[in-house]
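What follows is each chain in one-letter form.
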Amino acid sequence: AIQNKASGSWENSLIVEGNAGTKLYYDNTQRFETNSAGAKILGMGYISEGTIYLEKSGAHHHRILSNDAGNDLAFQQSADTGADTNFTTYLRIKDGGDIALPVDNTKILIGAGEDLRLYHDGSNSFVNSQGTGHLYIRGDDVKIQDANAGHNMGVFIEDGAVELYYDNSKKLETTANGITVGNHVWTTGG
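Calculation rules
Residues numbered from 1 in each chain as written. Predicted model: local features only at pLDDT ≥ 70, side-chain atom pairs only at ≥ 80, totals over all residues. Heavy atoms only, no water. Helix = DSSP H or I, 4+ residues; strand = E, 2+ residues; numbered from the N terminus. Contact = heavy atoms within 4.5 Å. Areas by Shrake-Rupley, 256 points an atom, 1.4 Å probe, with all protein chains shown as cover. Lys, Arg positive; Asp, Glu negative; His and termini not counted. Charge placed at Lys NZ, Arg CZ, Asp CG, Glu CD. Pairing = 2+ DSSP bridges. Axes fitted to C-alpha atoms, helices over the stretch in contact; angles between N-to-C directions. Buried < 20%, exposed > 50% of the residue type's maximum accessible area, 1.4 Å probe, protein only. Phe/Tyr/Trp six-rings, centres within 6.5 Å; stacked < 30°, edge-to-face > 60°. Salt bridge = Lys/Arg side-chain N within 4 Å of Asp/Glu carboxyl O.

Scanning the chain for helices and strands turns up zero helices and 18 strands. With respect to the three principal axes, the spread of C-alpha positions in the chain is 95 × 40 × 35 Å. Relative to all contacts within the chain whose residues are 6 or more apart in sequence, the contacts with residues 24 or more apart total 3%. Accessible surface, the chain: about 14200 Å² in total, of which carbon and sulfur atoms supply 50%. Side-chain charges of the chain comprise 14 positive and 24 negative groups, with the mean position of each set lying 5 Å from the other.

This is the structure:
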């Protein structure tokens, strides 16, 4: 044992036990120990401006970085088996709370069978229900709009109309009596 007497009485700083663990103390309170499974932090643990490496022999290594891009927290995996090289960020928690999957074709998989998938393939975005029933979109009123939220394409009003638009101009609307069609109705021969 290594002790100190900074407060007037003996306090533990370090205890090393034969055939057992090692314990580190702060102000006579145990904060860290080694054990048969590895190591344990007692109380609050943190790494200042650092990286946490998660390694397993013969497998892709992982790491967690603070301040990856600004103040972002990044979760990375190595492309090289058993090495700490060629890391790619697959999950990023951005400063302010936004969550990013910054690599195309990575998916958010939801459900025990990963039945609901959300992803971007580099060109298109997908909400994919893997054949396990209906895909429900629920809300009091549901609007489908362009990417800039400037133009309606379809509006679905609870207990009311369904509206379809062309270039942000309403062309068809359901009513209590049927449908209302904008200016003209065109049919094709057939």
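Glancing now at the sheet that holds strand 18 (residues 178–181). Across a sheet, paired strands are connected by hydrogen bonds in the backbone, their directions being either parallel or antiparallel. Strand order in this open sheet of five strands is 14-15-16-17-18, and the pairing throughout is antiparallel. Both edges of this open sheet fall to strand 14 (141–145) and strand 18, since each of them pairs with a single strand only. Neighbour-to-neighbour, the strand axes of this sheet turn through a mean angle of 10 degrees, independent of strand direction. In this structure, strand 17 (residues 169–175) lies alongside strand 18, joined through four bridges in antiparallel fashion. Residue pairing across strands places Thr-175 opposite Gly-178, the latter belonging to strand 18.

As a further point, take unusual backbone geometry. Not every positive phi belongs to a glycine, and Asp-27 is a case in point at roughly 50 degrees. According to the relative accessible area criterion, Asp-27 is exposed, its value standing at 53%. With phi around 50 degrees, Asn-86 is a residue other than glycine that occupies positive phi space. Examined against the element boundaries, Asn-86 turns out to sit in the loop between strand 8 (73–81) and strand 9 (87–93).

All right, on to the packing of aromatic side chains then. Under the criterion given, the structure shown has two aromatic pairs. Here the aromatic rings of Tyr-53 and Phe-87 are separated by 6.3 Å at their centres, their planes lie at 70 degrees, and the arrangement is edge-to-face. Residue Tyr-53 is located in strand 6 (residues 51–54), and its partner Phe-87 is located in strand 9; the two are separated by 34 residues in the primary sequence. Note on Tyr-119 and Phe-126: the rings are 4.9 Å apart at their centroids and 15 degrees apart in plane angle, and the pair reads as stacked. The buried category is assigned to Tyr-119, whose relative accessible area is 18%.

Attention now moves to the pairing of strand 12 (residues 116–120). Along any regular strand, the residues point their side chains to alternate faces of the sheet. Where strand 11 (residues 107–110) meets strand 12, four bridges bridge the pair, whose relative direction is antiparallel. Bridging from a neighbouring strand, Ile-108 pairs with Leu-118 of strand 12. Between strand 11 and strand 12, which pair antiparallel one after the other, the connecting turn spans five residues, and Gly-111 there sits at a positive phi close to 105 degrees. As paired strands, strand 12 and strand 13 (residues 125–129) are joined by five bridges and run antiparallel to one another. Its bridge partner lying in strand 13, His-120 is registered against Ser-125. Taken together, strand 12 and the strand that follows it, strand 13, pair antiparallel across an intervening segment of four residues, in which Gly-122 is found at a positive phi of about 105 degrees.

Tallying each qualifying case throughout the model produces five salt bridges. The salt bridge involving Arg-92 is made with Asp-72; its shortest N-O contact spans 3.8 Å. Within this pair, whereas Arg-92 is found in strand 9, its partner Asp-72 is found in the loop between strand 7 (60–66) and strand 8, the two being separated by 20 residues in sequence. With relative accessibility at 16%, the residue Arg-92 sits in the buried group. Among the ionic pairs, Lys-170 bridges to Glu-163, the shortest N-O distance being 3.5 Å. What makes Lys-170 partly exposed here is its relative accessible area of 35%. Note on Glu-163: relative accessible area 9%, which makes it buried. Each of Asp-72, Arg-92 and Lys-94 takes part in salt bridges that share partners, so that together they form one network.

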